[in-house]
Amino acid sequence: MSSLNASLAAALSGLIAEQGALEATTNNVSNVNTPGYSREQPVLVASDPVVVDPLTFGTGVTLQSVESIRDPILESQIQQQTQAQGQFSTLASALAQTQVNFTSSSGDVGTAISNFFDSINQLSTNPSDLSLRQGVLTAAGNLATSFNTTANNLTQQQSSLDLSVVQTVGQINQLTQQIAQLNGQIGNLENVGENAGTFVDQRQQAIDQLSSLVDVSVIPSDNTLTLTTANGSPLVAGQQRFQLQTQTNALGLHDVYSQGADITSSITSGQLGGTLQARDQQIPAIQTQLNTLAAGLANSVNAVQLAGFDLKGNAGTNLFNPPPVSGAGAAASLSVAITDPTLVAASSDGTAGSNGNAEAMYALNNQPIIGGQNPTDYYSGIVFNVGNATANASAEQSASALILQQLNDQRSSVSGVSLDEEAAHMVQYQDAYAASAQVITTINDMMYTVVNMSTLTG
């Protein structure tokens, strides 16, 4: 009877274990299209045997656990690449918007510079012609407007990026709150030996989303996680989350703070890193170059204008209103100082027919008056730098997207659900379940026989 009891226990354990394994397989099949789902694998182990001298009887199988299949190293690589992808994608998009200001076939600063010097060249052919003089003033006004428009567009884009900083920080805080809550749910289940795979998958998805926004370091500890930024500023510790804040600086832009400390300069990855890079580095650098060009051109033209004489033989006055001495804001504030075409100082000797000063002004177009370069070459350098930065960011974005896709494909091969594989497992567990049921039926018949024999012999 002892052997039959042991066999019955083994068969019953088989029914329970194979039913649990079948449920895990069914759950896999149901979630084949669920984003972020990690395939579950039942872990079956042999139950402890019982010893009935002089024999040892097996007691069947135990479904020890149901484990979600993950590769922590691969997930860490995906997080790092997601951070890079978020940064390059945001930076490429911002630079593409910036580049629009420097690629227009008409109305851009480069075209306005050429038109301005062309108008002066035309004036030199007939310096007393009022229509040609008016043409110089019109071209000068168009040049100032081009500088103003480009500078204002850059400022507006910077403001839009600043708004994105505030919005991204809000999204980061929402995700850290979600991750902290999931940490608690996972801990509650795992502390009592339950499977928390579903919540772990949700947490992993939230971490991936967070990685696309900001550079994140993940520190695992038992059944919970601690998250920090790359410089160590805390984001999540167990069930506690630490909010990031934004505060305006002297320029009116928002800096990012953690626990009262300014961490703006240390954020280098994710969408937030890309936004800050465009807002605080790329656009200011372009604005500085544009201001240098506007101030240098205005001051050089004014210097020549002051050295000549107008149509009435009077000493010339400034053609452009003098830009700020520091050069800051020169492009946005550039404007024409005169409206009377007779005040254009084309003459070099005070006579109406002289064009010497007009020729001297036209010669500025080929002189190294701005950072050792002529105005056209200096502007071409700005256009090249913007285009080169945009192309590099786009190339890095494409390369990062390809690497990220490859990593996600690898994760799918490890953690994803294969319907063919699950179908094979389903048949395997069904057969084992049926076999265990058959064993129970056989043992039941044997025990019935033994009981009947005992009754007859009694």
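Residues numbered from 1 in each chain as written. Predicted model: local features only at pLDDT ≥ 70, side-chain atom pairs only at ≥ 80, totals over all residues. Heavy atoms only, no water.

Caption draft 1: Just unusual backbone geometry, in detail. Even without being glycine, glutamine 259 reaches a positive phi, approximately 55°. By the secondary structure assignment, glutamine 259 is in the loop between β10 (254-258) and β11 (261-262). By relative accessible area, glutamine 259 is classed as exposed at 52%. (Helix = DSSP H or I, 4+ residues; strand = E, 2+ residues; numbered from the N terminus. Buried < 20%, exposed > 50% of the residue type's maximum accessible area, 1.4 Å probe, protein only.)

Caption draft 2: Region of interest: the pairing of strand β7 (residues 234-237). Here strand β6 (residues 224-229) runs beside β7; their pairing, made up of 3 bridges, is antiparallel. Bridging from a neighbouring strand, leucine 227 pairs with valine 236 of β7. Counting the residues in the hairpin turn of β6 and β7 gives 4 residues, including glycine 232, whose phi is positive at 95°. Bridge analysis of β7 against strand β8 (residues 240-241) gives 2 bridges, and the strand direction is antiparallel. By the bridge assignment for β8, alanine 237 is matched with glutamine 240. Between β7 and β8, which pair antiparallel and follow one another directly, the connecting turn spans 2 residues, one of which, glycine 238, has a positive phi of 65°. (Pairing = 2+ DSSP bridges.)

Caption draft 3: Spotlight on the pattern of salt bridges. Applying the stated criterion to the full structure yields 6 salt bridges. Arginine 39 serves as the salt-bridge partner of glutamate 421, at 3.9 Å between the closest nitrogen and oxygen. Linking glutamate 421 in helix α10 (residues 419-457) with arginine 39 in the loop between α1 (2-30) and β1 (40-46), this pair joins segments that are 382 residues apart in sequence. Assessed through its relative accessible area of 34%, glutamate 421 is described here as partly exposed. The exposure class assigned to arginine 39 is buried, which follows from its relative accessible area of 11%. (Salt bridge = Lys/Arg side-chain N within 4 Å of Asp/Glu carboxyl O.)

Caption draft 4: Structural detail: the packing of aromatic side chains. Within this structure, the stated rule accounts for 3 aromatic pairs. Taking 6.2 Å as the distance between ring centres and 40° as the angle between the ring planes, the aromatic pair formed by phenylalanine 102 and tyrosine 379 counts as tilted. Taken together, the residues span a long stretch of sequence, with phenylalanine 102 in the loop between α2 (72-99) and α3 (109-125) and tyrosine 379 in helix α9 (residues 375-415) at a distance of 277 residues. Exposure class is identical for phenylalanine 102 and tyrosine 379. Each is buried. Between phenylalanine 116 and phenylalanine 320, the ring centres sit 5.9 Å apart and the planes meet at 55°, which makes this aromatic pair tilted. Remark: phenylalanine 320 occurs in the loop between α6 (270-307) and α7 (330-333) and phenylalanine 116 occurs in helix α3; sequence separation between them is 204 residues. Comparing phenylalanine 116 with phenylalanine 320 shows no difference in burial state: the two are buried. Through a chain of ring-to-ring contacts, the aromatic side chains of Phe116, Phe117 and Phe320 assemble into a single cluster. (Phe/Tyr/Trp six-rings, centres within 6.5 Å; stacked < 30°, edge-to-face > 60°.)

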